[in-house]
Amino acid sequence: MADVPLILVVGGDALAVRVCEELCSTQGHRVALVWPHDHELAKQLERITCEYLPFAPNDYEALRSVGVPDATSLMALAEDDRVNLQVALKARDINPK
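Residues numbered from 1 in each chain as written. Predicted model: local features only at pLDDT ≥ 70, side-chain atom pairs only at ≥ 80, totals over all residues. Heavy atoms only, no water.

Caption draft 1: Structural view of the pattern of salt bridges. In total, this model carries six salt bridges according to the counting rule given. The salt bridge partner of Lys43 is Glu40, with a shortest N-O separation of 3.4 Å. Taken together, the residues span about one helical turn, with Lys43 and Glu40 both in helix H2 (residues 39–47) at a distance of three residues. Arg82 is the salt-bridge partner of Asp80, the closest N and O atoms lying 4.0 Å from each other. Assessed through its relative accessible area of 34%, Asp80 is described here as partly exposed. (Salt bridge = Lys/Arg side-chain N within 4 Å of Asp/Glu carboxyl O. Helix = DSSP H or I, 4+ residues; strand = E, 2+ residues; numbered from the N terminus. Buried < 20%, exposed > 50% of the residue type's maximum accessible area, 1.4 Å probe, protein only.)

Caption draft 2: Main features of the sheet that holds strand S2 (residues 30–34). The parallel open sheet is built from four strands, whose spatial order is S3-S2-S1-S4. The open sheet terminates on both sides in strands that have one partner only, identified here as strand S3 (51–53) and strand S4 (73–76). If you compare each strand with its neighbour and ignore which way they point, the axes differ by 25° on average. (Pairing = 2+ DSSP bridges. Axes fitted to C-alpha atoms, helices over the stretch in contact; angles between N-to-C directions.)

Caption draft 3: Inspection of unusual backbone geometry at higher detail. In this structure, Thr49 takes a positive phi of about 55° despite not being glycine. Here Thr49 falls in the exposed class, since its relative accessible area comes to 66%.

Caption draft 4: Just the side chain of Lys90, in detail. Counting through the fold element by element, Lys90 comes out in helix H4 (residues 81–94). Those residues within four positions of Lys90 in sequence are excluded, and the remaining contacts are Asn58, Tyr60 and Leu63. (Contact = heavy atoms within 4.5 Å.)

Caption draft 5: Summary view of the environment of Leu6. Following the sequence through the fold, Leu6 ends up in strand S1 (residues 6–10). With a relative accessible area of 5%, Leu6 lands in the buried category. Sequence separation between Leu6 and Val68 is 62 residues; the distance between their C-alpha atoms is 8.6 Å. For Leu6, the residues in contact, after removing those within four places along its chain, are Arg30, Ala32, Val66, Gly67, Ala71, Thr72 and Ser73.

Caption draft 6: Focus on H4. Between its first and last C-alpha, H4 extends 20 Å over 14 residues, near the 20 Å set by a 1.5 Å rise per residue. Taken together, the buried positions of H4 are Val83, Asn84, Val87, Lys90, Ala91 and Ile94. The arc enclosing the buried residues of H4, seen along the axis, measures out at 140°, which places them on a common side. Exposed residues lying more than 90 degrees from the buried face of H4 are Asp81, Arg82, Leu85 and Arg92. Looking at the buried positions of H4, the neighbouring elements they touch are S1, helix H3 (60–66) and S4. Capping the start of H4, Asp80 holds a side-chain oxygen 2.8 Å from the backbone nitrogen of Arg82, two or three residues further along. (Expected span 1.5 Å × (residues − 1). Arc of directions from axis to C-beta. Polar contact = N/O pair within 3.5 Å; in protein donor to acceptor, adjacent residues only side chain to side chain.)

In structure tokens form, the structure reads like this:
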């Protein structure tokens with residue numbers, strides 16, 4: 001699956017799940033949500049067949065391990081704008097493309 005484009009979604013609320021649902025309903029890419037472990041969130045994502053990567057999204061090592069170096073896009077949708085900014089800046093450092 002390495003050659004299938006990866007779209008990463010960061011967030012743990014209903015908006016992030018809805019975006020994943022919409023993305024998963026289309027073809028030609030892989031969709032994964034990155035957010036600290038949450039059992040209920042994991043169940044929701046399983047229902048829509050979205051990959052769940054339970055990591056802190058604003059950590060350099062976590063971003064590397066979830067696939068940011070090869071991701072085609074990242075959507076930072078956390079309710080906390082500070083987290084979104086941290087994710088965006090760190091992801092850009094890791095993958096300037």
